[in-house]
Amino acid sequence: MHAKWSAVDEYLVNTLLPADPVLDNLLLHNQQSSLPPIDVAPNQGQLLALLVQISGARKVLEIGTLGGYSTVWMARALPEDGCVVTLEADAHHARVAQENICSAGLNNVEIRVGPAADTLPGLAALAPFDLIFIDADKPNNPLYLEWALKYSRSGTLIIGDNVVRDGEVTNPESPDERVQGVRKFIKMLGQDPRLTVTALQTVGSKGWDGFTLARVK
Ligand code: SAM
(Lines give C-alpha, C1' and ligand atoms only; values in the text may rest on other atoms or scores of the structure.)
Protein backbone atom coordinates (compact mmCIF):
# COMPACT_ATOMS: atom_id res chain seq x y z
CA MET A 1 0.00 0.00 0.00
CA HIS A 2 2.84 2.37 0.80
CA ALA A 3 3.76 2.82 -2.89
CA LYS A 4 0.14 3.72 -3.72
CA TRP A 5 -0.12 6.16 -0.82
CA SER A 6 3.09 7.84 -2.01
CA ALA A 7 1.84 7.95 -5.60
CA VAL A 8 -1.37 9.67 -4.51
CA ASP A 9 0.59 12.17 -2.39
CA GLU A 10 2.84 12.88 -5.36
CA TYR A 11 -0.19 13.36 -7.62
CA LEU A 12 -1.93 15.68 -5.14
CA VAL A 13 1.19 17.72 -4.45
CA ASN A 14 2.09 18.05 -8.14
CA THR A 15 -1.48 19.00 -9.05
CA LEU A 16 -2.32 21.35 -6.18
CA LEU A 17 0.87 22.94 -4.88
CA PRO A 18 2.96 25.38 -6.89
CA ALA A 19 6.54 24.35 -7.71
CA ASP A 20 8.78 25.58 -4.92
CA PRO A 21 12.53 25.51 -5.57
CA VAL A 22 13.26 27.07 -2.15
CA LEU A 23 11.58 24.20 -0.31
CA ASP A 24 13.09 21.63 -2.71
CA ASN A 25 16.56 23.04 -2.00
CA LEU A 26 15.82 23.02 1.73
CA LEU A 27 15.07 19.29 1.64
CA LEU A 28 18.19 18.68 -0.47
CA HIS A 29 20.31 20.62 2.01
CA ASN A 30 18.79 18.55 4.86
CA GLN A 31 19.71 15.36 3.02
CA GLN A 32 23.26 16.56 2.28
CA SER A 33 23.59 17.46 5.96
CA SER A 34 22.51 13.93 7.00
CA LEU A 35 19.26 15.00 8.67
CA PRO A 36 16.63 12.24 8.86
CA PRO A 37 13.77 12.72 6.34
CA ILE A 38 11.14 13.09 9.04
CA ASP A 39 9.85 16.54 8.08
CA VAL A 40 6.14 16.93 7.38
CA ALA A 41 5.07 16.11 3.81
CA PRO A 42 4.50 19.08 1.43
CA ASN A 43 0.70 18.76 1.60
CA GLN A 44 0.95 18.72 5.40
CA GLY A 45 3.19 21.80 5.27
CA GLN A 46 0.54 23.51 3.19
CA LEU A 47 -2.08 22.46 5.75
CA LEU A 48 -0.03 24.10 8.51
CA ALA A 49 0.26 27.25 6.38
CA LEU A 50 -3.50 27.26 5.81
CA LEU A 51 -4.15 26.82 9.53
CA VAL A 52 -1.89 29.80 10.25
CA GLN A 53 -3.85 31.88 7.75
CA ILE A 54 -7.34 30.65 8.66
CA SER A 55 -6.71 31.28 12.35
CA GLY A 56 -5.11 34.67 11.67
CA ALA A 57 -2.09 33.61 13.73
CA ARG A 58 0.68 36.14 14.31
CA LYS A 59 2.75 34.31 16.89
CA VAL A 60 3.60 30.65 16.27
CA LEU A 61 5.47 28.29 18.58
CA GLU A 62 6.98 25.12 17.13
CA ILE A 63 8.50 22.37 19.27
CA GLY A 64 10.84 20.30 17.03
CA THR A 65 12.55 22.22 14.19
CA LEU A 66 14.69 19.61 12.41
CA GLY A 67 15.85 21.49 9.26
CA GLY A 68 13.07 24.05 9.42
CA TYR A 69 10.82 22.64 6.69
CA SER A 70 7.54 23.01 8.62
CA THR A 71 8.95 26.24 10.08
CA VAL A 72 9.32 27.78 6.63
CA TRP A 73 5.79 26.75 5.62
CA MET A 74 4.35 28.45 8.70
CA ALA A 75 6.65 31.50 8.67
CA ARG A 76 5.76 32.29 5.05
CA ALA A 77 2.04 32.18 5.88
CA LEU A 78 2.32 34.82 8.61
CA PRO A 79 1.42 38.47 8.25
CA GLU A 80 4.27 40.98 8.08
CA ASP A 81 4.45 41.45 11.85
CA GLY A 82 4.22 37.71 12.61
CA CYS A 83 6.95 35.42 13.93
CA VAL A 84 7.76 31.77 14.60
CA VAL A 85 9.74 30.68 17.64
CA THR A 86 10.99 27.15 17.07
CA LEU A 87 12.70 24.88 19.59
CA GLU A 88 15.35 22.31 18.68
CA ALA A 89 17.50 20.15 20.97
CA ASP A 90 20.10 19.10 18.39
CA ALA A 91 22.69 21.82 17.63
CA HIS A 92 23.46 20.38 14.18
CA HIS A 93 19.76 20.33 13.21
CA ALA A 94 19.43 23.91 14.47
CA ARG A 95 22.47 25.04 12.42
CA VAL A 96 21.08 23.48 9.24
CA ALA A 97 17.67 25.00 9.97
CA GLN A 98 19.24 28.45 10.43
CA GLU A 99 20.99 28.12 7.06
CA ASN A 100 17.71 27.02 5.45
CA ILE A 101 15.79 29.92 6.98
CA CYS A 102 18.40 32.39 5.71
CA SER A 103 18.30 30.80 2.23
CA ALA A 104 14.52 31.14 2.26
CA GLY A 105 14.97 34.87 2.91
CA LEU A 106 12.98 34.82 6.14
CA ASN A 107 13.70 37.14 9.04
CA ASN A 108 10.68 36.24 11.16
CA VAL A 109 11.99 33.00 12.70
CA GLU A 110 13.88 32.54 15.95
CA ILE A 111 15.45 29.18 16.78
CA ARG A 112 16.08 28.38 20.44
CA VAL A 113 18.58 25.56 20.87
CA GLY A 114 18.37 23.03 23.70
CA PRO A 115 15.91 20.47 25.03
CA ALA A 116 12.46 22.04 24.84
CA ALA A 117 11.85 21.23 28.51
CA ASP A 118 14.68 23.70 29.24
CA THR A 119 13.84 26.39 26.65
CA LEU A 120 10.04 26.46 27.15
CA PRO A 121 10.13 28.20 30.56
CA GLY A 122 11.99 31.14 28.95
CA LEU A 123 9.18 31.96 26.52
CA ALA A 124 6.69 33.45 28.98
CA ALA A 125 7.27 37.01 27.76
CA LEU A 126 6.31 36.02 24.20
CA ALA A 127 3.07 34.26 25.18
CA PRO A 128 0.30 33.85 24.37
CA PHE A 129 0.98 32.10 21.07
CA ASP A 130 -1.78 31.84 18.46
CA LEU A 131 -0.74 28.46 17.05
CA ILE A 132 1.48 25.81 18.64
CA PHE A 133 2.88 22.89 16.64
CA ILE A 134 4.18 19.99 18.75
CA ASP A 135 6.56 17.81 16.70
CA ALA A 136 9.56 16.76 18.80
CA ASP A 137 10.30 13.81 21.13
CA LYS A 138 6.96 12.07 21.64
CA PRO A 139 7.58 10.81 25.22
CA ASN A 140 7.52 14.48 26.27
CA ASN A 141 4.23 15.28 24.50
CA PRO A 142 2.29 15.43 27.80
CA LEU A 143 4.78 17.99 29.15
CA TYR A 144 4.61 19.99 25.92
CA LEU A 145 0.82 20.03 26.10
CA GLU A 146 0.99 21.50 29.61
CA TRP A 147 3.29 24.25 28.35
CA ALA A 148 1.13 24.81 25.27
CA LEU A 149 -1.91 25.35 27.47
CA LYS A 150 0.05 27.72 29.68
CA TYR A 151 1.11 29.71 26.61
CA SER A 152 -2.35 29.82 24.98
CA ARG A 153 -5.31 32.17 24.86
CA SER A 154 -8.90 31.52 23.85
CA GLY A 155 -8.73 30.56 20.16
CA THR A 156 -5.16 29.21 20.15
CA LEU A 157 -4.69 26.15 17.96
CA ILE A 158 -2.55 23.29 19.30
CA ILE A 159 -1.46 20.70 16.74
CA GLY A 160 0.32 17.44 17.59
CA ASP A 161 2.02 15.46 14.83
CA ASN A 162 2.76 11.72 14.48
CA VAL A 163 0.05 10.47 16.80
CA VAL A 164 -0.96 7.27 14.99
CA ARG A 165 2.44 5.59 14.65
CA ASP A 166 1.45 2.83 12.19
CA GLY A 167 -1.64 2.10 14.29
CA GLU A 168 0.43 1.24 17.37
CA VAL A 169 -1.34 4.07 19.23
CA THR A 170 -4.22 1.69 20.01
CA ASN A 171 -1.91 -0.69 21.92
CA PRO A 172 -2.00 0.09 25.65
CA GLU A 173 0.78 -2.47 26.26
CA SER A 174 3.17 -0.97 23.69
CA PRO A 175 6.75 -0.99 25.01
CA ASP A 176 7.48 2.03 22.78
CA GLU A 177 7.85 5.15 24.95
CA ARG A 178 6.82 7.33 22.01
CA VAL A 179 3.53 5.45 21.75
CA GLN A 180 2.98 5.75 25.49
CA GLY A 181 3.77 9.49 25.32
CA VAL A 182 1.28 9.96 22.49
CA ARG A 183 -1.39 7.88 24.29
CA LYS A 184 -1.07 10.03 27.40
CA PHE A 185 -1.13 13.18 25.24
CA ILE A 186 -4.35 12.06 23.50
CA LYS A 187 -5.94 11.17 26.83
CA MET A 188 -5.05 14.57 28.24
CA LEU A 189 -6.46 16.30 25.15
CA GLY A 190 -9.69 14.31 25.41
CA GLN A 191 -10.20 15.01 29.10
CA ASP A 192 -9.34 18.71 29.14
CA PRO A 193 -12.53 20.80 29.34
CA ARG A 194 -10.62 23.84 28.01
CA LEU A 195 -10.19 22.20 24.58
CA THR A 196 -12.22 21.27 21.52
CA VAL A 197 -10.25 18.46 19.89
CA THR A 198 -10.16 16.07 16.98
CA ALA A 199 -7.57 13.80 15.38
CA LEU A 200 -7.19 12.47 11.87
CA GLN A 201 -5.21 9.48 10.71
CA THR A 202 -3.34 9.99 7.47
CA VAL A 203 -1.61 7.83 4.88
CA GLY A 204 0.84 9.16 2.35
CA SER A 205 4.50 9.55 1.49
CA LYS A 206 5.32 9.48 5.21
CA GLY A 207 3.45 6.21 5.86
CA TRP A 208 0.49 5.68 8.19
CA ASP A 209 0.27 8.35 10.82
CA GLY A 210 -1.92 11.28 11.87
CA PHE A 211 -2.26 14.46 13.86
CA THR A 212 -4.37 16.02 16.60
CA LEU A 213 -5.95 19.44 16.22
CA ALA A 214 -7.20 21.27 19.29
CA ARG A 215 -8.65 24.75 19.83
CA VAL A 216 -8.57 26.42 23.22
CA LYS A 217 -12.13 27.48 24.11
N1 SAM B 1 8.84 19.91 12.48
C2 SAM B 1 9.89 19.38 11.63
C3 SAM B 1 9.42 19.42 10.19
O4 SAM B 1 8.30 18.97 9.92
O5 SAM B 1 10.20 19.88 9.33
C6 SAM B 1 10.24 17.96 11.99
C7 SAM B 1 10.67 17.79 13.42
S8 SAM B 1 11.36 16.20 13.71
C9 SAM B 1 9.98 15.13 13.58
C10 SAM B 1 11.66 16.23 15.45
C11 SAM B 1 12.78 17.17 15.89
O12 SAM B 1 12.68 17.32 17.30
C13 SAM B 1 14.19 16.63 15.60
O14 SAM B 1 14.95 17.59 14.92
C15 SAM B 1 14.77 16.40 16.99
O16 SAM B 1 16.17 16.67 17.09
C17 SAM B 1 13.98 17.39 17.83
N18 SAM B 1 13.94 17.02 19.25
C19 SAM B 1 14.03 15.79 19.81
N20 SAM B 1 13.98 15.88 21.13
C21 SAM B 1 13.84 17.19 21.44
C22 SAM B 1 13.73 17.91 22.64
N23 SAM B 1 13.76 17.30 23.82
N24 SAM B 1 13.61 19.25 22.57
C25 SAM B 1 13.58 19.90 21.37
N26 SAM B 1 13.69 19.26 20.20
C27 SAM B 1 13.82 17.92 20.23
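Naming follows an unreviewed UniProt entry, where the chain appears as O-methyltransferase of Franconibacter daqui.

## Points about the layout of surface pockets
Its volume calculated, the largest pocket comes out at about 870 Å³. What lines the largest pocket is a set of 46 residues, among which Ile-38, Asp-135, Ala-136, Lys-138 and Asn-162 lie closest to the centre. Elements that contribute at least two residues to the lining of the largest pocket include exactly helix H3 (42-55), helix H4 (69-77), strand E2 (83-88), helix H8 (177-191), strand E6 (195-204) and strand E7 (207-216). The class makeup of the residues in the lining of the largest pocket is 17 nonpolar, 14 polar and 15 charged. Space inside the second largest pocket adds up to approximately 460 Å³. As for the second largest pocket, its lining consists of 25 residues, and the residues nearest its centre are Val-13, Asp-24, Leu-27, Pro-42 and Tyr-69. When residues of the lining of the second largest pocket are traced back to their parent elements, those giving at least two are helix H1 (2-16), helix H2 (21-32) and H4. For the lining of the second largest pocket, the per-class residue count stands at 14 nonpolar, five polar and six charged.

## Section: the environment of Gln-180
Tracing the backbone through its elements, the reader meets Gln-180 in helix H8. According to the relative accessible area criterion, Gln-180 is partly exposed, its value standing at 30%. The contacts of Gln-180, once residues within four sequence positions are left out, are Asn-171, Pro-172, Glu-173 and Ser-174. For Gln-180, the side chain forms a polar contact with the main-chain oxygen of Ser-174, separated by 2.8 Å.

Procedures and definitions
Residues numbered from 1 in each chain as written. Predicted model: local features only at pLDDT ≥ 70, side-chain atom pairs only at ≥ 80, totals over all residues. Heavy atoms only, no water. 1 Å grid on protein atoms, 1.4 Å probe; cavity = no way out; pocket = protein on both sides within 12 Å on 5 of 7 lines; lining within 4 Å. Points joined across faces, edges and corners; volume = space filled by probe spheres on them. Helix = DSSP H or I, 4+ residues; strand = E, 2+ residues; numbered from the N terminus. Nonpolar A, V, L, I, M, F, W, Y, C, P; charged D, E, K, R; others polar. Buried < 20%, exposed > 50% of the residue type's maximum accessible area, 1.4 Å probe, protein only. Contact = heavy atoms within 4.5 Å. Polar contact = N/O pair within 3.5 Å; in protein donor to acceptor, adjacent residues only side chain to side chain.

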